[in-house]
Protein chains: 2
Amino acid sequence: MTVPVLVGVDWGTTNARAYVLAADGAILAQTEEQAGAALGIMHIKGADFSGALERLLAALPAEVAPELPILLSGMITSRQGWVETAYVDCPASFADVADAAERQTIEDRTLIFAPGLAYTDATGVHDVMRGEELQILGLLAMAGGDGDGVYCLPGTHSKWAWTAGGRIDRFSTVMTGEVYGALCNHTILGRLMGARSHHAEAFAQGASRARAGGYVLHDIFAARTEGLFERLRPDTLAAYLSGLLIGHEVAAMVARLDAGAPITVIGGAALAERYGTVLKAAGYQPTLRSDPVVARGQLELAKAMGAI
Amino acid sequence: MTVPVLVGVDWGTTNARAYVLAADGAILAQTEEQAGAALGIMHIKGADFSGALERLLAALPAEVAPELPILLSGMITSRQGWVETAYVDCPASFADVADAAERQTIEDRTLIFAPGLAYTDATGVHDVMRGEELQILGLLAMAGGDGDGVYCLPGTHSKWAWTAGGRIDRFSTVMTGEVYGALCNHTILGRLMGARSHHAEAFAQGASRARAGGYVLHDIFAARTEGLFERLRPDTLAAYLSGLLIGHEVAAMVARLDAGAPITVIGGAALAERYGTVLKAAGYQPTLRSDPVVARGQLELAKAMGAI
């Protein structure tokens, strides 16, 4: 019989997911996508995180024994979350992250709050992440210490991280997803848009435009003009913009890489696939991962802390 | 006695201005800024442009004789405006623009609707302007055919135009102002902002960051992190972002220029001054023009049409 040793909770701004984990990393149970959709930290009223956690755990197929430690990562550990934890400076290993995690007993449960990561670039400007580091460290653990390279985690705030010697060496955040949303909802370009469904050809056209090396805020205006001149249909404009913004993000990031460097994209299947397409067009052979690698990172972190 | 020969109306999305002009280009009268603030085409209810024009003319210090021709330029000639005119392809001279202007008699007034300009780049992608071309052509006329160079017209959609032989050769639009607004009002960065007053030091800091050559959508996220870490005060964040976006726009555009190329910035005094600062830091000696040069362009266009 496989015994659960930890519950990992990946708790972000818009949703939350719980995983029941065995010592070998096997996921014994997990919540359905919709169970955590109303539990992202922005949805929690009156800071009742404890109540939200119980609701999330209740959505698991089996009861969670009260003595099972629960490790929480993501924006739940930010200032807007439940317990704010420190940022660990890069380069950062599992041991560094474990040192900064916070263990608390709240309503008879043992809760571990993961820290975030910070990186300060050569000019003294900071960057931060909360949650993605356990996805990357989880994948590195699954590769048995191997697998150094570049990790791309697309999203509202896309993260690109470089690992070396099993540590996260440095990273860079690009506000692609949030800018895409603001442009769709609050600009003259968005007002030309019809349905925002995916359209592979328009997406590829936008990505190709980005590869030409123009300035992104010019290309965005040009997208509007192409819509105005009916060279792009209203229902393909959003996909074109998506290709344009992902294309510019990828172009800016791969400019720092050697040709053919190993890149792993970690994210939901549809979005990972789009980044994969753009990376392939730029001459890379990315590995796409859409499985919940964060759970393995949470498990290894709990082990590194001696919590399990 | 100086005789009025034309009324020029510079009629945009958010406001409208009227100028009473003499044959030598002298501005005999003009509306106050607030008179046209409610008359931009987005404010006009029920497409009553004729009524709006009469209200604007009534705001002039002296009555406009019914037989005086009125030349209208700007978004008033777009699909969302009063009379939609064509786009003239670049390179474009006064004569080309005059050929495409539309003369109409509406309620006993002679109205001339200026066309817009279009430019198609080497990859077949279009760009458009409506109104700015008369500012540039007006300045060229004032310089007596001299003054070829680069013109920067900052705003919601900043225009950069190259002139040669007294014609507008090509141009490029950058969505700086509108993206600035969307970021301030609809993103996680905007939520950290306090008062959005100008702050010269933070503006310069943002512009300097842009000059370092990073990717703009990474720098925008970094601005939010600097705010989070309290390295930028809430009341300086908007100025920092402004410097960052103007800095990236200028960097992208001057990359196409020879060092020391002549650049003229045409715009409101405060905004022109900010672009001037960034251009100087990039090694250029821009000329700043905040006088209503559009009126001269309107006059010369009416002359080229034989309308006056």
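Residues numbered from 1 in each chain as written. Chains lettered and ligands numbered in written order. Predicted model: local features only at pLDDT ≥ 70, side-chain atom pairs only at ≥ 80, totals over all residues. Heavy atoms only, no water.

Asker: Looking at this structure, how should I read the interface of chain B and chain A?
Answerer: Taken together, the contact between chain B and chain A spans 42 residues of the former and 42 residues of the latter. Across the chain B/chain A interface, buried area totals approximately 3900 Å², and carbon plus sulfur atoms make up 68% of it. Our count for the chain B to chain A interface comes out at two salt bridges. Two residues, A:Arg209 and B:Asp121, come together in a salt bridge whose shortest N-O distance is 3.2 Å. The dominant element in the side of chain B that touches chain A, judged by the number of residues it contributes, is helix α7 (residues 216-228) of chain B, at ten residues. Residues that form the side of chain B that touches chain A fall into these classes: 19 nonpolar, twelve polar and eleven charged. (Contact = heavy atoms within 4.5 Å. Buried area = accessible area lost by both parts, 1.4 Å probe. Salt bridge = Lys/Arg side-chain N within 4 Å of Asp/Glu carboxyl O. Helix = DSSP H or I, 4+ residues; strand = E, 2+ residues; numbered from the N terminus. Nonpolar A, V, L, I, M, F, W, Y, C, P; charged D, E, K, R; others polar.)

Asker: Please explain the relation of the copies chain B and chain A as it appears in this structure.
Answerer: Both copies of the chain are related through a single rotation about an axis accompanied by a shift along the same axis. Overlay of chain B on chain A (RMSD 0.0 Å): rotation 180°, translation along the axis 0.0 Å. The superposition operator between the copies reduces to a two-fold rotation axis. Taking the C-alpha atom as reference, chain B places B:Ala182 closest to the rotation axis, 3.0 Å from it. A share of 100% of interface residues in chain B that are also interface residues in chain A marks the association as one of identical surfaces. (Least-squares fit on C-alpha atoms with pLDDT ≥ 70 in both.)

Asker: I tried to follow the side chain of A:Glu249 on my own but got confused; where do I start?
Answerer: Residue position: A:Glu249 is located in helix α7 (residues 237-254). For the buried A:Glu249, no salt bridge is present, and the opposite-charge side chain at shortest range is A:Arg256, 10 Å distant. Engagement of the side chain of A:Glu249 in a polar contact is seen with the side chain of A:Thr176, the distance being 2.6 Å. Setting aside residues no more than four positions away along its own chain, A:Glu249 makes contact with A:Ser158, A:Trp160, A:Val174, A:Thr176, A:Tyr275 and B:Tyr215. (Buried < 20%, exposed > 50% of the residue type's maximum accessible area, 1.4 Å probe, protein only. Lys, Arg positive; Asp, Glu negative; His and termini not counted. Polar contact = N/O pair within 3.5 Å; in protein donor to acceptor, adjacent residues only side chain to side chain.)

Asker: Any chance you could explain helix α3 (residues 132-142) of chain B here in plain terms?
Answerer: One turn of the α-helix equals 3.6 residues, which is why residues spaced by three or four share an orientation. In terms of burial, α3(B) is a largely internal element, eight of the eleven residues being buried. Residues B:Glu132, B:Glu133, B:Leu134, B:Ile136, B:Leu137, B:Gly138, B:Leu139 and B:Leu140 constitute the buried set of α3(B).

Asker: Hey, could you run me through the nonpolar core in this one?
Answerer: A general feature of soluble globular proteins is that nonpolar side chains tend to end up buried together. A:Ile220, A:Leu241, B:Trp160, B:Ile220 and B:Leu241 are the most contacted members of the largest nonpolar core, which totals 92 residues. The residues contacting A:Leu241, other than those within four sequence positions of it, are A:Tyr180, A:Leu183, A:Cys184, A:Leu189, A:Met193 and A:Ile220. (Core = buried A, V, L, I, M, F, W, Y, C linked by side-chain atoms within 4.5 Å.)

Asker: Honestly, the sheet that holds strand β1 (residues 4-11) of chain A in this entry has me stumped. Any pointers?
Answerer: Adjacent strands of a sheet form backbone hydrogen bonds with each other and so pair up, either parallel or antiparallel. Residue and element names in this part refer to chain A. Read from one edge to the other, the open sheet built from six strands follows the order β3-β2-β1-β4-β7-β6, with strand pairing classed as mixed. Each edge of the sheet is formed by a strand with only one pairing partner; in this case those strands are β3 (27-30) and β6 (102-106). The mean angle between the axes of side-by-side strands here comes to 25°, regardless of whether they run parallel or antiparallel. Helix α9 (residues 293-304) rests against β1, β2 (16-22), β3 and β4 (70-73) of the sheet, and its axis sits at about 125° to β1. (Pairing = 2+ DSSP bridges. Axes fitted to C-alpha atoms, helices over the stretch in contact; angles between N-to-C directions.)

Asker: Whenever I open this one, the layout of surface pockets confuses me. Can you help?
Answerer: One way to see where empty space is left: roll a probe the size of a water molecule over the atoms. Roughly 1500 Å³ of internal volume is contained in the second largest pocket. Contributing to the lining of the second largest pocket are 49 residues, with B:Gly12, B:Thr13, B:Met75, B:Glu132 and B:Thr156 lying nearest its centre. Within the residue set of the lining of the second largest pocket, elements represented by two or more residues are α6 (216-228) of chain A together with β2 (16-22), β9 (126-129) and α3 of chain B. Per-element accounting of the lining of the second largest pocket gives the leading share, three residues, to α6(A). Class assignment for the residues of the lining of the second largest pocket results in 19 nonpolar, 17 polar and 13 charged. (1 Å grid on protein atoms, 1.4 Å probe; cavity = no way out; pocket = protein on both sides within 12 Å on 5 of 7 lines; lining within 4 Å. Points joined across faces, edges and corners; volume = space filled by probe spheres on them.)

Asker: What's the story with the packing of aromatic side chains in this structure? I'm lost.
Answerer: Residues and elements named next belong to chain A. Counted by the stated rule, this structure contains twelve aromatic pairs over all chains. Aromatic pair Trp11 and Trp82: ring centres 6.2 Å apart, planes at 75°, arrangement edge-to-face. Placement of Trp11 in strand β1 and of Trp82 in the loop between β4 and β5 (87-89) is noted, with a sequence separation of 71 residues between them. In this structure, Trp11 and Trp82 share a single accessibility class: buried. Seen in terms of ring centroids, Tyr119 and Phe171 are 6.2 Å apart; in terms of plane orientation they differ by 50°. Their pairing is tilted. On the criterion of sequence distance, the pair formed by Tyr119 in strand β8 (residues 116-120) and Phe171 in strand β12 (residues 167-174) is long-range, its members being 52 residues apart. One aromatic cluster is present, built from ring pairs that chain together Trp11, Phe49, Trp82 and Phe113. Above the face of the Tyr87 ring, Arg130 is positioned so that its terminal group lies 4.3 Å from the ring centre. (Phe/Tyr/Trp six-rings, centres within 6.5 Å; stacked < 30°, edge-to-face > 60°. Lys NZ or Arg CZ within 6 Å of the ring centre and 35° of its normal.)

Asker: Please explain helix α5 (residues 200-211) of chain A as it appears in this structure.
Answerer: Residues and elements named next belong to chain A. In a regular helix each residue adds 1.5 Å, so twelve residues correspond to 16 Å; α5 covers 16 Å between its end C-alpha atoms and thus fits that length. For α5, every residue scored as buried is listed here: Ala202, Phe203, Gly206, Ala207, Arg209 and Ala210. One side of α5 holds all its buried residues, which, seen down the axis, span an arc of 155°. Along α5, exposed side chains directed more than 90 degrees from the buried face belong to Ala200 and Glu201. Buried residues belonging to α5 abut α6, α7 and α8 (269-281). Looking one or two residues past α5, Gly213 carries a phi angle of roughly 90°, positive in sign. (Expected span 1.5 Å × (residues − 1). Arc of directions from axis to C-beta.)

Asker: Just checking my understanding: could you explain the pattern of salt bridges for this structure?
Answerer: Oppositely charged side chains are able to pair whenever their charged atoms sit close together. All names here are of chain A. In total, this model carries 24 salt bridges over all chains according to the counting rule given. Glu33 serves as the salt-bridge partner of Arg17, at 3.6 Å between the closest nitrogen and oxygen. Highlighted residues: Arg17 in strand β2 and Glu33 in the loop between β3 and α1 (49-58), separated in sequence by 16 residues. For Arg17, a relative accessible area of 22% translates into the label partly exposed.

Asker: For this particular structure, what's the right way to read the packing of helix α4 (residues 176-186) of chain B against helix α8 (residues 237-254) of chain B?
Answerer: Describing two packed helices takes the angle between their axes plus the distance from one axis to the other. Residues and elements named next belong to chain B. Direction vectors running N to C along α4 and α8 enclose 150°, while the axes themselves pass 10 Å from each other. Between α4 and α8, the interaxial angle falls into the category roughly antiparallel. Considering the relative orientation of α4 and α8, their crossing is right-handed. Listed contacts from α8 to Thr176, Val179, Tyr180, Leu183 and Cys184 of α4 are Ala238, Leu241, Ser242, Leu245, Ile246 and Glu249. Class assignment of the residues belonging to the contact of α4 with α8 gives a composition of eight nonpolar, two polar and one charged. (Parallel < 35°, antiparallel > 145°, perpendicular 65-115°, else oblique. Left-handed = near helix turned anticlockwise from the far one by under 90°.)

Asker: Looking at this structure, how should I read the confidence of the model for chain A?
Answerer: Any residue range with low pLDDT should be treated as having predicted coordinates unsuitable for detailed reading. Here chain A shows a mean pLDDT of 95. Residues at 70 or above account for 99%. ipTM for the predicted complex: 0.94, alongside a pTM of 0.94. (pLDDT = per-residue confidence, 0-100.)

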